[in-house]
Amino acid sequence: MSATSSRKKSVKSRTDWEFLKSSSDEGIDFSDIPRLTPEFWRNAKLRMPQNKDSVTVRIDHDVLLWLKGQGRGYQTRINAILRSYKEHATRA
């Protein structure tokens, strides 16, 4: 693997950092967020993400274009589609 192919591409942030720096927490509306009670924390469970394997897979061009056309996170969507299929298939 060449040095250039192992580097991650730099992605320009779309976050308006200047706006966030000039804003205060006073204007944040938390009314639709439930309070986290002691009962919530008693029942909370730590769930660590599963490890992911990197694979190469051949996908029809039109399918890949459709997945990418849904917006960012197409690889996550592919994983969700495969997980849904796996869970359905193992119920039978």
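The present account deals with the structure reproduced in this document. Numbers given for residues are sequential positions, taken from 1 along each chain in its written order. It should be noted that, the model being predicted, local features are given only for residues of pLDDT at least 70 and side-chain atom pairs only at 80 or more, the latter also being counted only at that level, while totals for whole chains, interfaces and linings use all residues. Note that water and hydrogens are dropped before the side-chain values are worked out from all heavy atoms of the structure.

**Description of the pattern of salt bridges**
The condition is simple: Only one rule defines a salt bridge in this text: a Lys or Arg side-chain nitrogen within 4 Å of an Asp or Glu carboxyl oxygen. A run of H or I in DSSP becomes a helix once it reaches four residues, and a run of E becomes a strand once it reaches two; helices and strands are each numbered from the N terminus. For every residue, the accessible area (1.4 Å probe, protein chains only) is compared with the maximum for its type, and the residue is labelled buried under 20%, exposed over 50%, or partly exposed between those bounds.
By the definition in use, this model includes two salt bridges. A salt bridge links glutamate 18 to lysine 21, with the nearest nitrogen and oxygen atoms 3.7 Å apart. Highlighted residues: glutamate 18 and lysine 21, both in helix H2 (residues 17-22), separated by three residues, approximately one helical turn. Comparing glutamate 18 with lysine 21, the two get one shared label, exposed. Of the charged contacts, one joins glutamate 87 and arginine 83 as a salt bridge, the two residues approaching to 3.9 Å between their closest N and O atoms. With glutamate 87 and arginine 83 both in helix H5 (residues 74-91), this residue pair falls four residues apart, about one helical turn. Judged by relative accessible area, arginine 83 falls into the partly exposed class, the value being 34%.

**Some points on the packing of aromatic side chains**
Put simply, the test is: Working definition: rings of Phe, Tyr and Trp (its six-membered ring) pair if their centres are within 6.5 Å, and the pair is stacked with planes under 30 degrees apart, edge-to-face with planes over 60 apart, and tilted otherwise.
Tallied over the full model, the rule gives one aromatic pair. Measuring from centroid to centroid gives 4.9 Å for phenylalanine 40 and tryptophan 41, while their planes differ by 85°, and the two rings are edge-to-face. On the accessibility criterion, phenylalanine 40 (39% relative accessible area) is partly exposed.

**What about the layout of surface pockets?**
Formally: Buriedness for pockets is judged along seven lines, at least five of which must meet protein on both sides within 12 Å for an open set on the 1 Å grid over protein atoms alone, while cavities are sets there where a 1.4 Å probe fits but cannot get out, and lining residues have an atom within 4 Å of a point. Grid points are joined across faces, edges and corners, and a volume is the space filled by probe spheres set on the points. Three classes are used: nonpolar for Ala, Val, Leu, Ile, Met, Phe, Trp, Tyr, Cys and Pro, charged for Asp, Glu, Lys and Arg, and polar for all others, with Gly counted as polar.
Here the largest pocket defines a volume of roughly 750 Å³. In terms of lining residues, the largest pocket is bounded by 17 residues, among which Asp53, Ser54, Val55, Gln75 and Asn79 are the most central. Residue contributions to the lining of the largest pocket peak at seven residues, all from H5. Class assignment of the residues belonging to the lining of the largest pocket gives a composition of seven nonpolar, seven polar and three charged.

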